[in-house]
Amino acid sequence: MKDYLQKAYCMNQTVRIYAAITTDIVKEAKSIFNLWPSSLQALGRTLTISAIMSCTYKSGEFLNIKLDCDGPVGKITVEATDGKVRGFCQNPGVLLQYNDGRLNIEHAVGAGTIEVVKDLHMRAPFSSSCEIVSGDIAQDFTYYFAKSEQIPSSVGLGVSIDNEGNVLSAGGFLIQVMPGCKEEYIKALEERLKTMKPCTEMIKEGYNPEEIINEITGGDYEILETKELKYECSCNRERFEKGLISLGKDTLTNILNEDHKVEITCNFCNKKYNFNEDELKELIFKCK
Ligand code: ZN
């Protein structure tokens, strides 16, 4: 089963639910960065909520999400647009556990801020931020939506990892209450959220998006849309050429004289781009 998201309405179309399975996305991140369990949880959850968020805005909107946090995992950077997502964390090799063996994601992430930049490439990018209140990512984004976007929301995220550190399954949901939602609906939803199976359990048991929506709503919903999700890096040689040119003639000439070549690694996919002496000379020629 490929990764996908389903969008549904419930409560007389005043509540929107997005539920997603992101197992392949998180597996891809694990294979690119060789992530240890705590880093895998933190990045996996952030990739999942970012992929979901990218399906809540207008098509073509580009999301840049940064968790500037002080825990051992370090800063987390994720980009997402139309269900395509890519990201990395500063320290891939973190394993932090409670005494009972459970992963301690809260302390692995630590305190700091979430910053979300939305760019439609038409007007000035819109940016909003708030503090990280828990470190478990799900509660932090619930808080982000309430505080920065003024949308009462609930976020559930889960990455299930086996004893060898391999990804078994990943996914999550975002519930958003629309303006005009009746008080009794909100109460019923809150009650449901308290008594339903926790998201981490649903993910562990291999629920698909529709089963997650069913668990949240108790069966009264309407599916509106299904969308494919995937890990995709948009890097290419041209972009790195432009980056090198932007360093300027003097810096490039220094690199040419001292190293005679340059190797750049893409942060998002670890792909390497090499530029030899002749190619560097050509780039210098293109500098203004
Ligand atoms: Zn790349």
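Residues numbered from 1 in each chain as written. Predicted model: local features only at pLDDT ≥ 70, side-chain atom pairs only at ≥ 80, totals over all residues. Heavy atoms only, no water.

**Student:** For this particular structure, what's the right way to read the sheet that holds strand S11 (residues 230-231)?
**Tutor:** Strands sit in the order S7-S6-S3-S4-S5-S11 across an open sheet of 6 strands; the sheet is mixed. Taken across any chain shown, the strands that pair with only one partner, and hence form the sheet edges, are strand S7 (126-131) and S11. On the sheet, helix H2 (residues 37-54) packs against strand S3 (62-69), strand S4 (76-81), strand S5 (84-89), strand S6 (112-119) and S11 and is oriented at approximately 25° with respect to S4. (Pairing = 2+ DSSP bridges. Helix = DSSP H or I, 4+ residues; strand = E, 2+ residues; numbered from the N terminus. Contact = heavy atoms within 4.5 Å. Axes fitted to C-alpha atoms, helices over the stretch in contact; angles between N-to-C directions.)

**Student:** Please explain the coordination of the zinc ion as it appears in this structure.
**Tutor:** Where a metal carries four tetrahedral donors, each ideal angle is 109.5 degrees; where it carries six octahedral donors, the ideal angles are 90 or 180 degrees. Around the zinc ion, the protein supplies Cys233 (SG), Cys235 (SG), Cys266 (SG) and Cys269 (SG) as donor atoms, at distances of 2.2 to 2.3 Å. Between the 4 donor atoms coordinating the zinc ion, the angles at the centre fall across 106 to 115°, so the site counts as tetrahedral. Motif for the zinc ion, donor spacing along one chain: C-x1-C-x30-C-x2-C. Here cysteine 233 is found in the loop between S11 and helix H8 (237-245), whereas its partner cysteine 269 is found in the loop between strand S12 (262-265) and strand S13 (272-275), with 36 residues between them in sequence. With a relative accessible area of 22%, cysteine 233 lands in the partly exposed category. Residue classification places cysteine 269 among the partly exposed positions, given a relative accessible area of 21%. (Donors = N, O, S within 2.8 Å, 3.2 Å for Na, K, Ca; no water. Tetrahedral: all angles 85-135°; square planar, octahedral: opposite > 155°, others 65-115°. Buried < 20%, exposed > 50% of the residue type's maximum accessible area, 1.4 Å probe, protein only.)

**Student:** Got a minute to help me understand the domain arrangement of the chain in this structure?
**Tutor:** One frequently used descriptor of interface size is the decrease in accessible area upon assembly of the parts. For the chain, the assigned domains are domain 1 (4-231) and domain 2 (237-286). On a C-alpha basis, the centres of domain 1 and domain 2 stand 36 Å from each other. Three residues stand out in domain 1 for area buried against domain 2, namely Ile32, Arg86 and Phe88, and they jointly supply 71% of the buried area on that side. The tally of links from domain 1 across to domain 2 stands at 0 salt bridges. Summed over the shared surface of domain 1 and domain 2, the number is 2 residue pairs in polar contact (both at pLDDT 80 or more). Among the secondary structure elements, those contributing two or more residues to the side of domain 1 that touches domain 2 are helix H1 (23-33), S4 and S5. The leading source of residues in the side of domain 1 that touches domain 2 is S5, at 3 residues. Its residues assigned to classes, the side of domain 1 that touches domain 2 shows 4 nonpolar, 2 polar and 2 charged. (Domains from an automatic or database assignment. Buried area = accessible area lost by both parts, 1.4 Å probe. Salt bridge = Lys/Arg side-chain N within 4 Å of Asp/Glu carboxyl O. Polar contact = N/O pair within 3.5 Å; in protein donor to acceptor, adjacent residues only side chain to side chain. Nonpolar A, V, L, I, M, F, W, Y, C, P; charged D, E, K, R; others polar.)

**Student:** Explain the environment of tyrosine 143 here, please?
**Tutor:** Its place among the elements puts tyrosine 143 in helix H4 (residues 138-148). For tyrosine 143, a relative accessible area of 26% puts it in the partly exposed group. Sequence separation of tyrosine 143 and glutamine 90 is 53 residues, and the distance between their C-alpha atoms is 24 Å. Ignoring anything within four residues of it in the chain, the contact list for tyrosine 143 reads Cys130, Glu131, Val133 and Ser148.

**Student:** What's the story with the packing of helix H9 (residues 249-259) against helix H10 (residues 277-286) in this structure? I'm lost.
**Tutor:** How two helices pack is summed up by the angle between their axes together with the distance between the axes. Look at H9 against H10: their axes get within 10 Å of each other, and the N-to-C directions meet at 165°. Compared by their axis directions, H9 and H10 come out roughly antiparallel. Viewed along their axes, H9 and H10 form a crossing whose handedness is left-handed. For the pair H9 and H10, contact is made by Lys249, Leu252, Thr253, Ile255 and Leu256 and by Glu277, Leu280, Lys281, Leu283 and Ile284, respectively. Along the lines of polarity and charge, the residues of the contact of H9 with H10 split into 6 nonpolar, 1 polar and 3 charged. (Parallel < 35°, antiparallel > 145°, perpendicular 65-115°, else oblique. Left-handed = near helix turned anticlockwise from the far one by under 90°.)

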